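Examination of the molecular architecture
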Amino acid sequence: SSNNLQGYAPICLGLEDFYIRRLYLRIQDCFGRPISSAPNAWFDVIERYSNDNNKTLTRTTKISRCLNLGSYSYLGFAASDEYCTPRVVESSKRYSPSTCSSRVDGGTTVLHNQLEKYVAKFVGKPSAIVFGMGFATNNAVLPALIGKGGLIISDSLNHNSIVNGARGSGATIRVFQHNSPSHLEEVLREQIAEGQPRTHRPWKKIIVIVEGIYSMKGDLCKLPEIITICKKYKAYAYLDEAHSIGAVGKTGRGVCELLGVEPADVDIMMGTFTKSFGSCGGYIAGSKELIQYLKYTCPAHLYATSISPPAAEQIISAIKVLLGEDGTSRGAKKLAQIRENSNFFRSELQKMGFEVLGDKDSPIMPIMLYNPAKIPAFSRECLKQNVAVVMVSFPATPLLLARARICISASHTKEDLVKALEVISQVGDLVGIKYFPAEPENQ
Ligand code: PMP
């Protein structure tokens, strides 16, 4: 049953209360079926993703090809790319799919070093270290950076990998209200007196952790204000750019570029390769000293098998496309396309009367359903018309804040988006989730 539950909550933010989980499994949909057994695109086994950059997926059940509105492949690099794919295939032959060794025991290939150089260059930091898994990056790096006697101040909507890493570090954890710089400052003031030198505080170290774009709400971090506060109270800023690197900013450099923050002002830059870069793994970018320290001390660098060489090649190639080093302007076009697609889709949904969360330019747009019993009907009706949407609910969100989460990609064409809007509009009427009056057509 916990697998069923995860179908509705692909990203679980940690569950404390086993009994609430059991209660959730008993909730029935509008047709009297337990919602845990109702159809959902993400219960299915996927037979294949299309070779048109993950835009469609083929399910093993009777509904076959669907327009994929759930993939994190924001730039459409996943599945197949004219520049990346041949290089990935070649690297698989040259280095094999796995190094079968840790970074320090023969698992560092030319590609690994090249990847770290490219990541540092792309995000604007002196140095970078890469790991085989994004989740494990937060999970293993936080305990390497801070421990007992340290203080972590974490946004209330931070991803489970951060929550787990923070807990595993042994540091004291305080949570501030989601994306609220004023509450962050209040929490900091409670912990230290303003202007106190680092050495005179009760904490050995303070790390403030935020995300660039929050995956449950699609909103952008209030990074400029948060950085000002971190500087004022001499706390380190840790930024997880899983959903923003490559997805936003004129040249794809994430929220720093979009919001005008200097990368030098973010002490620890974290990100994953599983979204915009169409690969797997994660990175930390920062000062030379920070990265060297992690290379000597972080267990996930010392004891885990290094990132798969073809996965590393996929990331290097994708970054090269974004930098224009493939000799084309495809990267710039992809970035312009995702912005245009996201802003078009969001504003059309709003005009139809849906309550859509998130900010301009964000490719994540949750549509609020509120009532979790509406989830199966929404998902099923969209699937009937070959549109696959990820549904998110408890425990990833509070029980009565269920939502459908749309992820837009640069590989969606205007026709795809128009078709998806028609389907979502019809299903929205059927399920009753247009909470605002629709705008008149001729306005
Ligand atoms: N950080 C954030 C903010 C995420 O949303 C995710 C997963 N979507 C991760 C880290 C973990 O990354 P990965 O899936 O690449 O392991």
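This one's a predicted model, so the numbers in the text were calculated from it and none came from an experiment.

What follows concerns helix 4 (residues 110-123). The first and last C-alpha atoms of helix 4 sit 20 Å apart over 14 residues, in line with the 20 Å expected at 1.5 Å per residue. Taken together, the buried positions of helix 4 are Leu111, Leu115, Glu116, Tyr118, Val119, Ala120, Phe122 and Val123. Summarising the contacts, the buried residues of helix 4 are in contact with helix 3 (84-95), strand 4 (127-131), strand 9 (268-272), strand 10 (282-286) and helix 12 (309-323).

This part covers the site of the ligand. Lining the immediate environment of the ligand, one finds 14 residues, of which Gly134, Phe135, Ala242, Thr272 and Thr274 sit closest. In terms of residues, the shell around the ligand owes the most to one element, helix 5 (residues 134-145), which gives three residues. Considered class by class, the residues forming the shell around the ligand number three nonpolar, nine polar and two charged.

Turning to the packing of helix 3 against helix 12, a few remarks are in order. At a minimum axis separation of 8 Å, helix 3 and helix 12 run at an interaxial angle of 150°. Classified by the angle their axes make, helix 3 and helix 12 are roughly antiparallel. The way helix 3 lies across helix 12 gives a crossing that is right-handed. On the side of helix 3, the interface is formed by Cys84, Arg87, Val88, Ser91, Ser92 and Tyr95, while helix 12 contributes Pro309, Pro310, Glu313, Gln314, Ser317 and Ala318.

What follows covers the packing of helix 5 against helix 6 (residues 160-169). Where helix 5 meets helix 6, the axes come as close as 7 Å, and the angle between the chain directions of the two elements is 25°. Of the possible angle classes, the one that applies to helix 5 and helix 6 is roughly parallel. Remark: the crossing between helix 5 and helix 6 carries right-handed chirality. Between helix 5 and helix 6, the contacting residues are Phe135, Asn138, Asn139, Val141, Leu142 and Pro143 on the first element and Ser161, Ile162, Asn164, Gly165, Ala166, Gly168 and Ser169 on the second. Here the contact of helix 5 with helix 6 is built from residues that sort into six nonpolar, seven polar and no charged.

Strand pairing in a sheet takes place through backbone hydrogen bonds and is either antiparallel or parallel in direction. Spatial ordering of the open sheet is given by 4-10-9-8-7-5-6, a layout of seven strands whose pairing is mixed. Unpaired on one side and paired on the other, strand 4 and strand 6 (172-176) mark the two borders of the sheet. On average, each strand axis in the sheet is inclined to that of its neighbour by 20°, with strand direction left out of account. When strand 4 meets strand 10, the two strands line up antiparallel, connected through five bridges. Looking at strand 10, one finds that Ser127 is bridged to Gly286. Against the sheet, helix 10 (residues 288-297) makes contact with strand 4, strand 9 and strand 10, and its axis sits at roughly 30° relative to strand 4, the strand it touches most.

As for its position among the elements, Ala402 is in strand 14 (residues 402-407). Considered as a pair, Ala402 and Pro372 are 30 residues apart in the sequence and their alpha carbons are 5.3 Å apart. Non-local contacts of Ala402, meaning those with residues more than four positions away in its chain, are made with Leu369, Tyr370, Asn371, Pro372, Lys374, Ile375, Ser393 and Thr397.

On to the sheet that holds strand 11 (residues 364-370), then. Strands sit in the order 11-14-13 across an open sheet of three strands; the sheet is antiparallel. Strands at the two margins of the open sheet, each flanked by one partner only, are strand 11 and strand 13 (390-392). Strand-to-strand twist across the sheet, computed as the mean angle between neighbouring axes with direction ignored, equals 30°. Each of strand 11, strand 13 and strand 14 is contacted by helix 14 (residues 375-384), which is oriented at about 175° to strand 13, the strand it contacts most.

What follows is about the confidence of the model for the chain. The pLDDT averaged across the chain works out to 88; a share of 84% of its residues lies at or above 70. The low-confidence segment residues 1-22 (pLDDT under 50) makes 39 contacts with residues lying over four places distant or belonging to another chain. Below a pLDDT of 50 lies the segment residues 34-39, which in the model reaches 23 contacts outside its immediate sequence neighbourhood of four places, other chains included. As a predicted assembly, this complex carries a pTM of 0.90 together with an ipTM value of 0.99.

Quick notes on the rules
- One numbering rule holds for all chains: residues counted from 1, following each sequence as written.
- Residues qualify for local features only when their pLDDT is at least 70, as the model is predicted, and side-chain atom pairs are given and counted only at 80 or more; totals for whole chains, interfaces and linings, by contrast, use all residues.
- Only DSSP runs of H or I with at least four residues qualify as helices, and only runs of E with at least two residues qualify as strands; both kinds are numbered from the N terminus onward.
- Helix span, expected: 1.5 Å multiplied by one less than the number of residues in the helix.
- To assign burial, the other C-beta atoms lying within 10 Å of each residue's own C-beta are counted, with C-beta atoms placed from the backbone; 20 or more indicates buried, 12 or fewer indicates exposed, and intermediate counts indicate partly exposed.
- Contact definition: two residues whose C-beta atoms, as placed from backbone geometry, lie within 7 Å.
- Nearness here has a simple definition: the residue's C-beta atom, placed using the backbone, must lie within 6 Å of the molecule or strand.
- Under this grouping Gly is polar, as are all residues other than the nonpolar Ala, Val, Leu, Ile, Met, Phe, Trp, Tyr, Cys and Pro and the charged Asp, Glu, Lys and Arg.
- With axes taken as lines fitted to C-alpha atoms, and helix axes fitted only over the stretch in contact, angles between N-to-C directions fall between 0 and 180 degrees.
- Roughly parallel means an angle under 35 degrees; roughly antiparallel, over 145; roughly perpendicular, 65 to 115; everything else is oblique.
- Take the far helix as the reference: if the near one is turned anticlockwise from it by less than a right angle, the crossing is left-handed, and if turned clockwise, right-handed.
- Two strands pair under a simple rule: DSSP has to find at least two bridges between them.
- You can read pLDDT as the predictor saying how much it trusts each residue, on a scale of 0 to 100.

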